[in-house]
Amino acid sequence: MASETTTAVESQTRRVAWTGGALAGLVAGIAMGAMLTTQMGPVIRVAIPSMYGLEGLAAGWVAHLFHSVVLGVAFAGVADALDAGDSLGRSAALGVGYGVLLWALLAVLVMPVWLGAVGSPANPPFPNVNVQSLVGHVVYGVVLGAVFPYVRNL
């Protein structure tokens, strides 16, 4: 009986952490999306929506925020596994590293291949090393990591 209770509590904690990751990812996505809109307009108006055969600023924001929430949930799993989700400093530092990793894997490597595969009018070079994009991903990561400890247990 005690093992069933422990499992139920662990399951509830895990679910709450995922929810917190989604919310932190949404907040971080809004911060990064504002930067994309003002500093890298074609990325959010053309490149991101064209990954899904769409176009326009609204479609770019929807796709970007979807990515942000999914990646926030993944961050929650990483933060929980590394026991970094309760400490603002550790979580924010983890977020910075996570943002750099997302930039290196997704923006530099995956996105140019994906855009080429779907015939997007936004056709970045491979690898797509862009310092503004790196800054945007670091902002995403630090906001994600800073917000997560406050929302993980809501």
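Our structure is the block above this text.
Residues numbered from 1 in each chain as written. Predicted model: local features only at pLDDT ≥ 70, side-chain atom pairs only at ≥ 80, totals over all residues. Heavy atoms only, no water.

Another aspect to go through is the overall build of the protein chain. Within the protein chain, the regular secondary structure consists of five helices and zero strands. Sequence-ordered secondary structure for the protein chain, helices as α and strands as β, is α-α-α-α-α. Burial analysis of the protein chain (154 residues in total) assigns 40% to the buried set. Across the protein chain, the fraction of contacts at a sequence separation of at least 24, relative to all contacts at a separation of at least 6, is 71%. Total accessible area computed for the protein chain in this model is approximately 7,900 Å², and 71% of it derives from carbon and sulfur atoms. (Helix = DSSP H or I, 4+ residues; strand = E, 2+ residues; numbered from the N terminus. Buried < 20%, exposed > 50% of the residue type's maximum accessible area, 1.4 Å probe, protein only. Contact = heavy atoms within 4.5 Å. Areas by Shrake-Rupley, 256 points an atom, 1.4 Å probe, with all protein chains shown as cover.)

In this section: the nonpolar core. Core analysis: the biggest nonpolar cluster contains 25 residues, and Phe 75, Tyr 140 and Leu 144 have the highest contact counts within it. Those elements that provide at least two residues to this core are helix 1 (2-39), helix 2 (41-50), helix 3 (57-81), helix 4 (88-117) and helix 5 (131-151). Those residues within four positions of Tyr 140 in sequence are excluded, and the remaining contacts are Gly 25, Ala 28, Gly 29, Met 32, Ser 68, Leu 71, Gly 72, Tyr 98 and Leu 102. (Core = buried A, V, L, I, M, F, W, Y, C linked by side-chain atoms within 4.5 Å.)

A word on the packing of helix 4 against helix 5. For the pair helix 4 and helix 5, interaxial distance at closest approach is 7 Å and the crossing angle is 145°. In this structure, the crossing between helix 4 and helix 5 has a hand that is right-handed. Here the contact of helix 4 with helix 5 is built from residues that sort into 17 nonpolar, seven polar and no charged. (Axes fitted to C-alpha atoms, helices over the stretch in contact; angles between N-to-C directions. Left-handed = near helix turned anticlockwise from the far one by under 90°. Nonpolar A, V, L, I, M, F, W, Y, C, P; charged D, E, K, R; others polar.)

So, about the pattern of salt bridges. The tally for this structure, following the rule as stated, stands at two salt bridges. With a shortest N-O distance of 2.6 Å, Asp 80 and Arg 152 are connected by a salt bridge. Here Arg 152 lies in the segment after helix 5 and Asp 80 lies in helix 3, a separation of 72 residues in the sequence. Notably, a salt bridge pairs Arg 152 with Asp 86, separated by 2.5 Å at the nearest N-O pair. Pair noted here: Arg 152 is in the segment after helix 5 and Asp 86 is in the loop between helix 3 and helix 4, with a separation of 66 residues, a long-range link. By relative accessible area, which is 9% here, Arg 152 ends up buried. The exposure class of Asp 86 is exposed, given its relative accessible area of 56%. Each of Asp 80, Asp 86 and Arg 152 takes part in one network of salt bridges that share partners. (Salt bridge = Lys/Arg side-chain N within 4 Å of Asp/Glu carboxyl O.)

What follows concerns unusual backbone geometry. Here the amide bond leading from Phe 126 into Pro 127 is cis, since omega sits at -5°, within 30 degrees of zero. As for its position among the elements, Pro 127 is in the loop between helix 4 and helix 5.

Glancing now at empty space enclosed by the protein. Per the counting criterion, the structure on display carries one cavity of 30 Å³ or more. Within this model, the largest cavity holds a volume of roughly 30 Å³. If you go around the largest cavity, the residues you meet are Met 35, Leu 36, Gln 39, Met 40, Gln 132 and Gly 136. In terms of residue class, the lining of the largest cavity is built from three nonpolar, three polar and no charged. (1 Å grid on protein atoms, 1.4 Å probe; cavity = no way out; pocket = protein on both sides within 12 Å on 5 of 7 lines; lining within 4 Å. Points joined across faces, edges and corners; volume = space filled by probe spheres on them.)

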